[in-house]
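Structure at a glance
For reference, the chains in residue letters:
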Number of protein chains: 2
Amino acid sequence: MYVILVYDIGDKKVGKMLKLCRKYLNWIQNSVFEGEITEVKLKELLSEAKLIIDKEKDSIIIFKSRQEKWLEKQVVGKEKNELDNFL
Amino acid sequence: MYVILVYDIGDKKVGKMLKLCRKYLNWIQNSVFEGEITEVKLKELLSEAKLIIDKEKDSIIIFKSRQEKWLEKQVVGKEKNELDNFL
């Protein structure tokens, strides 16, 4: 399964969340990740994420597609994932 | 065509960008939008966006799917788009 994950969380928790998401997915923009993941691994990610976020304030949205080819990606401006190498 | 649009842009331009994107799409999280849009309208949106962003620093990523049903959406935590009514 191919997913896009975006989060909007309090500043203090961003570091933890970033680290968690990068364990499972590819970081493509500030708070946006994408990648192939199994249903089981996604559940694992979300269980861990729920320990980090404040459910009253923070949010995570996951878009799931059975196949990556069903989604076409277009980037305007700077491609950010080059940063990935430095962190 | 169904799209998800995410941007990562400098603070000073966020207001303009938000206003522009909301003309064409539904705001679902901080810098995330989704919705049905034609290829022509998307080009229009991106032409206007290119006038706002700094191509060296800012980025916009668009994921396009021919049909919304090919994407399943899951939200964890707070659903943000209720804010839409207040702005």
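Residues numbered from 1 in each chain as written. Chains lettered and ligands numbered in written order. Predicted model: local features only at pLDDT ≥ 70, side-chain atom pairs only at ≥ 80, totals over all residues. Heavy atoms only, no water.

Okay, the pattern of salt bridges next. Evaluated as defined, the whole model comprises 12 salt bridges over all chains. Salt-bridge contacts for E48(B) lead to K23(B); the nearest nitrogen and oxygen are separated by 3.4 Å. Taken together, the positions of E48(B) in helix α2 (residues 39-52) and K23(B) in helix α1 (residues 14-24) put the pair 25 residues apart, joining distant regions of the chain. On the basis of relative accessible area, E48(B) is assigned to the partly exposed category, the value being 28%. A salt bridge links K41(B) to E44(B); the shortest N-O distance between them is 3.5 Å. Of this pair, K41(B) and E44(B) both sit in helix α2, 3 residues apart, which is roughly one turn of the helix. Among the ionic contacts, a cluster of salt bridges with common partners joins E39(A), K64(A) and E72(B). (Salt bridge = Lys/Arg side-chain N within 4 Å of Asp/Glu carboxyl O. Helix = DSSP H or I, 4+ residues; strand = E, 2+ residues; numbered from the N terminus. Buried < 20%, exposed > 50% of the residue type's maximum accessible area, 1.4 Å probe, protein only.)

Contacts between the two partners involve 35 residues from chain B and, on the opposite side, 35 residues from chain A. Here chain B and chain A share 2 salt bridges between them. Of the charged contacts, one joins K64(B) and E72(A) as a salt bridge, the two residues approaching to 3.9 Å between their closest N and O atoms. Between the two partners, chain B and chain A, sit 16 residue pairs in polar contact (both at pLDDT 80 or more). Listed by contribution, the elements that provide at least two residues to the side of chain B that touches chain A are β1 (2-8), β2 (26-29), β3 (32-36), α2, β4 (59-65) and β5 (71-77) of chain B. Along the lines of polarity and charge, the residues of the side of chain B that touches chain A split into 16 nonpolar, 6 polar and 13 charged. In terms of strand pairing, strand β4 (residues 59-65) of chain A meets β5(B) through 7 bridges, oriented antiparallel. For K64(A), the partnering residue across the bridge sits in β5(B) and is E72(B). (Contact = heavy atoms within 4.5 Å. Polar contact = N/O pair within 3.5 Å; in protein donor to acceptor, adjacent residues only side chain to side chain. Nonpolar A, V, L, I, M, F, W, Y, C, P; charged D, E, K, R; others polar. Pairing = 2+ DSSP bridges.)

All right, on to the UniProt feature "binding site: Mg(2+)" (unreviewed entry) in chain A then. Residues and elements named next belong to chain A. The UniProt entry lists D8 under the feature "binding site: Mg(2+)" (unreviewed entry), expressed in the numbering used here. Examined against the element boundaries, D8 turns out to sit in strand β1 (residues 2-8). Classification of D8 as buried rests on a relative accessible area of 14%. (UniProt positions renumbered as here; feature names shortened; annotations may be inferred.)

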